[in-house]
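Coordinates in review
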Amino acid sequence: MSTTYVTAAGAPTSESADVEWSEKRYLIVDDFVGIRQLLRESLRNIGARHIDQASSGGEAMTLLLRTHYDVVLCDFNLGEGKNGQQVLEEARVRNLMIPSSVWLMVSAEKSVESVMGAAEHQPDAYIIKPITEGVLLTRLNRVWHKKQVFREIDAAYIEKDYLRAARLCDAQVAQHKVHEIDLMRMKATLLLKAGEPDKARAVYERLLEEREFNWARTGLGRIRMANGDHEAARQMFQGVIAENRFYIDAYDQLATSLTLLGRHDDACGVLEKAAKLSPNAVQRQRSLGNTALRIGNIPLAEHAFRKCLAIGEYSINKTVDAFFGMARVCGQKNDIKEALRLLAAAQRDFPGELVKLRAKITEGLVYHESGDFRRARKSGDELEALLGKEKKRPQTALCIEMATLLFAVGVKDAPAELLCHVVRNNHDNPVLVEEVQAIFDKARLSEEGMAMIAEARREASEMMNKGVLLWKTGKLAEAVEWMREARVRLPDNMRILFNSAQMLINQMQLHGYDEALMIEANGVLMHVDELAAGQQRFAQLVEQLQMLIPGRAQTPEAVDAELEALRGAAPAEA
Amino acid sequence: MKNSISVLGGTLENLLDQARPETHSGPEYPQMAQMLYQTRRLSDNLMQLLALYKEVGKPTYPFEPNTVPVRELVQQVAGQARVLLESKGIVLEVQYPADLLWTFDEDLVIGVLAHAVNNAVRYTRDRIRLTIGERDGMLELTVADNGMGFPPSMLEAGTQVGQGVNFLTNSSGLGLFFASEVARMHRRRQLTGAIRLENAGPLGGGRFVLMLP
């Protein structure tokens, strides 16, 4: 064992790695002038010369818009207005930080809400006050080193090339033991995104043999849940919470599993607890509001949606859902005027056809639930008119919601057309087809519905089969052309989209790279990802597509790196 | 409160750092050094209380183990103690394997070690030794001094940690309780962390030991 022995004079100081910290631009954000001076002193002591200061989130945003900072030291509690997390989120979403810049979140104490609040947009590190130069420099160097290690992985992630990114994680572990846990955590996330839950599970299980990591245990629960084993998942999340009552992610997951088990009251209780522990997440308040609305707890729903609107005000995660949820609450309380005001506000703050449609649906629901069937019918007619004007259809869940409402208020043709659209685009999903049939049944249109469903399914499989037949008989160019038409006719049919992308890739594999085909295939795949993320076939096709990019394909070093990565991979992946 | 103590401690540290003992033979210098020591104690205790009991009776600390190079742990602890030790003319010796990595909650462990060093300032004559090494699959972190050793009451408190004694009634109780809680949070396979206090350490004085799995 190599041992260093040093006395005070020679006590190890944080060396500057390879980074010239004195040349960087710094921003200090703290509402307390004494702390700003101390932090500036610490930065000067590590050699910094360009230091700006802000005393509030708003002031910080102004400075961030003007200058690209290399390092931001931001306090979490900033008094009125945005907190540190919200400043970070907005800076990230508005691209005010370059990938190499470092965000250090400072707080007086490490508390649940300052650390666990946000799932996305995490800072690069958290530092507890008082900050000494040794700690500051050590953490800066570590973050910088980690960014180097993750640079290529992050790039592949952004390109959604999850399988390559996962292999890069393995390659990096071999060289950087110190980041092994973070790299393995990332790898598991990537494998889940690539639709490889079994491989992700193997990674989590290996990590759990070493130590009880909350996120690994929660990750296993998520995989169980995705496999439909909701009860086992529920128990795992419950176990994580029993061990660590402050691991917020486990609460959110537990609520989801309870919802899937049909235990809506329990789900609501869990979300309420989570929202108390960490109240500043817009998404959590929205889930709480929706769940409370569902079980008819109007005061709780109102509280959650109000909070959601209030925090959304300062957050980039501001969501139109909170307006719709609050409008429903007002409808339940028979305050139609306030509900309509909220719907108008939603359309003003979030322009777009989709929001217009959703506002009209909510308006209809509000009238319908308050018993004003005449006005509900009028909203239904207007919705029908909107649908006639707009050719593009929203996502499946929204189509079903619209159809249900339209039937309820007595409209017939428009909802039937919507449901046929849903079936055409999901012709091989028996659960969904059954759900659609149930909606027809409820509208007393069983027979007509059955015939329409059969016709829609026949049409979809005929389109698909003709394309596949052309492809299999070697008429690739014709197959590609046919699938283009199929995509126009069935824009959201996952099978058609996947096959279409596969044929475009095949075309390039046989006849060489073609930029137009590349853009087309990429567009098709990104549309798939929008419809349903985490598909195995998506990850595989993206990887094939990336390999076709000239220059990307296999330099000798890349081949070596890939081979090395494969050798270092877990046995489960062989 | 935390902000105020931070500013107080930071300002004192800057003042002491600028005023060297050799140029300042007046009585202010040792008094300032003593103030820094007391401020540090206050700040440590407050940090410990915040970590343990943010809401009454409810620990609310988000425990986050991560892989840390032992070298960087030593750098951070030594960095925090530097000005105080210099102002009191105390030498810090450190001993650790150069390339060892370990997994623990860095902020908590720095908190425990910084407090142990601060505590040793009170007992030592002029030397404190921080030793870190692997022992029977655990990471052993010790802070030893060359003073008279711990008084019997503290040694007793040390052995009773975790046996339901109310340490908050003892003057050194909070620090020990915090350290034992931090140790206890660390678990790996079947092993759990622990602390202990001993006299007759390697420098002849007292010795604080933190074991992490």
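Residues numbered from 1 in each chain as written. Chains lettered and ligands numbered in written order. Predicted model: local features only at pLDDT ≥ 70, side-chain atom pairs only at ≥ 80, totals over all residues. Heavy atoms only, no water.

1. Details of the overall build of chain B
For chain B, the helix and strand inventory stands at six helices and nine strands. Scored against the burial criterion, the 213 residues of chain B give a buried share of 59%. At a minimum sequence separation of 6, the contacts of chain B that also span at least 24 residues come to 70%. Carbon and sulfur atoms make up 53% of the accessible area of chain B, which amounts to about 9,100 Å² in all. (Helix = DSSP H or I, 4+ residues; strand = E, 2+ residues; numbered from the N terminus. Buried < 20%, exposed > 50% of the residue type's maximum accessible area, 1.4 Å probe, protein only. Contact = heavy atoms within 4.5 Å. Areas by Shrake-Rupley, 256 points an atom, 1.4 Å probe, with all protein chains shown as cover.)

2. A word on empty space enclosed by the protein
A complete count under the given rule lists four cavities of 30 Å³ or more for this structure. Within this model, the largest cavity holds a volume of roughly 220 Å³. Within the residue set of the lining of the largest cavity, elements represented by two or more residues are strand S6 (125–128) and helix H5 (133–158) of chain A together with helix H2 (28–52) and helix H4 (106–123) of chain B. When grouped by side-chain class, the residues that make up the lining of the largest cavity number seven nonpolar, four polar and six charged. (1 Å grid on protein atoms, 1.4 Å probe; cavity = no way out; pocket = protein on both sides within 12 Å on 5 of 7 lines; lining within 4 Å. Points joined across faces, edges and corners; volume = space filled by probe spheres on them. Nonpolar A, V, L, I, M, F, W, Y, C, P; charged D, E, K, R; others polar.)

3. Quick notes on the packing of aromatic side chains
Residue and element names in this part refer to chain A. Overall, the coordinates contain six aromatic pairs over all chains when judged by the stated rule. In textbook terms, an aromatic cluster arises when at least three aromatic residues are bridged by ring pairs, as seen for Tyr157, Tyr162 and Phe538. Against the face of Phe150 rests Lys146, its NZ or CZ located 5.6 Å from the ring centre. (Phe/Tyr/Trp six-rings, centres within 6.5 Å; stacked < 30°, edge-to-face > 60°. Lys NZ or Arg CZ within 6 Å of the ring centre and 35° of its normal.)

4. Thoughts on the nonpolar core
Ile153(A), Leu190(A), Trp215(A), Leu525(A) and Leu545(A) are the most contacted members of the largest nonpolar core, which totals 106 residues. In terms of residues, this core owes the most to one element, helix H24 (residues 494–511) of chain A, which gives eight residues. For Ile153(A), the residues in contact, after removing those within four places along its chain, are Ala165(A), Leu168(A), Cys169(A), Gln172(A), Leu183(A), Met186(A) and Leu190(A). Within the second largest apolar cluster, 57 residues are counted, among which are Leu16(B), Val83(B), Leu92(B) and Leu176(B). (Core = buried A, V, L, I, M, F, W, Y, C linked by side-chain atoms within 4.5 Å.)

5. What about the UniProt feature "modified residue: 4-aspartylphosphate" (unreviewed entry) in chain A?
Residues and elements named next belong to chain A. Per the UniProt record, the feature "modified residue: 4-aspartylphosphate" (unreviewed entry) sits at Asp75. Within the secondary structure, Asp75 is located in strand S4 (residues 71–75). Judged by its relative accessible area of 5%, Asp75 falls in the buried class. Excluding residues within four positions of it along the chain, Asp75 makes contact with Val29, Asp30, Gly84, Met105, Val106, Ser107 and Lys129. (UniProt positions renumbered as here; feature names shortened; annotations may be inferred.)

6. Overview of the pattern of salt bridges
As enumerated under the stated definition, the model contains 59 salt bridges over all chains in all. Across the salt bridge formed by Glu106(B) and Arg139(A), the nearest N and O atoms sit 3.4 Å from each other. Within this pair, whereas Glu106(B) is found in helix H4, its partner Arg139(A) is found in helix H5, the two belonging to separate chains. By relative accessible area, which is 10% here, Glu106(B) ends up buried. Glu353(A) is the partner of Lys356(A) in a salt bridge, and the nearest nitrogen-oxygen pair spans 3.5 Å. Within this pair, Lys356(A) and its partner Glu353(A) are both found in helix H17 (residues 353–369), separated by three residues, close to a single helical turn. Classification of Lys356(A) as partly exposed rests on a relative accessible area of 34%. Owing to a relative accessible area of 35%, Glu353(A) belongs among the partly exposed residues under this scheme. Taken together, the salt bridges that share partners define one network made up of Arg139(A), Arg142(A), Glu72(B), Glu106(B) and Asp107(B). (Salt bridge = Lys/Arg side-chain N within 4 Å of Asp/Glu carboxyl O.)

7. Some points on the pairing of strand S4 (residues 127–135) of chain B
Residue and element names in this part refer to chain B. Pairing analysis gives five bridges linking strand S2 (residues 91–97) to S4, with the strands arranged parallel. By the bridge assignment for S4, Glu93 is matched with Arg129. Bridge count for S4 against strand S5 (residues 138–145) is eight bridges, and the pairing is antiparallel. Its bridge partner being in S5, Glu134 is matched across the sheet by Leu139. Once S4 ends, the chain turns through two residues before running back antiparallel as S5, passing Asp136 with a positive phi of about 50°. (Pairing = 2+ DSSP bridges.)

8. Remarks on the confidence of the model for chain A
Per-residue pLDDT for chain A has a mean of 87; in total, 91% of the residues score no lower than 70. The low-confidence segment residues 567–574 of chain A, where pLDDT is below 50, has nine contacts with residues more than four positions distant or belonging to other chains. (pLDDT = per-residue confidence, 0-100.)

9. Focus on the domain arrangement of chain A
Splitting chain A by domain gives domain 1 (25–149) and domain 2 (474–551). Spacing between the C-alpha centres of domain 1 of chain A and domain 2 of chain A amounts to 42 Å. (Domains from an automatic or database assignment.)

10. What about helix H7 (residues 180–193) of chain A?
When the terminal C-alpha atoms of H7(A) are compared, their 20 Å separation across 14 residues agrees well with the 20 Å that a helix rising 1.5 Å per residue should span. For H7(A), the complete set of buried residues consists of Ile181(A), Asp182(A), Leu183(A), Met184(A), Met186(A), Lys187(A), Ala188(A), Leu190(A) and Leu191(A). The inward-facing, buried residues of H7(A) contact H5, helix H6 (162–175), helix H8 (197–210) and helix H9 (214–226) of chain A together with strand S1 (66–69) and strand S3 (101–104) of chain B. Looking one or two residues past H7(A), Gly195(A) carries a phi angle of roughly 70°, positive in sign. (Expected span 1.5 Å × (residues − 1).)

11. Quick word on the side chain of Gln172(A)
One can find Gln172(A) in helix H6. Residues contacting Gln172(A), with those up to four places away along its chain left out, are Val149(A), Ile153(A) and Leu183(A).

12. Observations concerning the environment of Ala202(A)
Tracing the backbone shows Ala202(A) in helix H8. Once the C-alpha coordinates of Ala202(A) and Glu23(A) are considered, the two residues, 179 residues apart in sequence, prove to be 44 Å apart.

13. Points about the side chain of Gln76(B)
Position of Gln76(B) relative to the elements: it lies in helix H3 (residues 70–87). Judged by its relative accessible area of 0%, Gln76(B) is buried. Those residues within four positions of Gln76(B) in sequence are excluded, and the remaining contacts are Gly134(A), Val135(A), Thr138(A), Arg139(A), Arg142(A), Glu106(B) and Ile110(B).

14. A look at the packing of H24(A) against helix H25 (residues 515–531) of chain A
All names here are of chain A. Running from N to C, H24 and H25 point in directions that differ by 155°, and their axes come no closer than 9 Å. Looking at the two axes, H24 sits roughly antiparallel to H25. Remark: the crossing between H24 and H25 carries left-handed chirality. Residues Met494, Leu497, Phe498, Ala501, Leu504, Gln507 and Met508 of H24 form the contact with H25, whose own contacting residues are Leu517, Met518, Glu520, Ala521, Val524, Leu525, His527, Val528 and Leu531. (Axes fitted to C-alpha atoms, helices over the stretch in contact; angles between N-to-C directions. Parallel < 35°, antiparallel > 145°, perpendicular 65-115°, else oblique. Left-handed = near helix turned anticlockwise from the far one by under 90°.)

15. Here's the deal with the environment of Leu64(A)
Residue and element names in this part refer to chain A. Inspection of the secondary structure assignment puts Leu64 in helix H2 (residues 57–66). Measuring from C-alpha to C-alpha, the distance between Leu64 and Ala91 comes to 7.3 Å, with 27 residues separating the pair along the chain. Apart from residues no more than four positions distant in its own chain, Leu64 is found in contact with Leu27, Tyr69, Val72, Val87, Ala91, Leu96, Met97 and Trp103.

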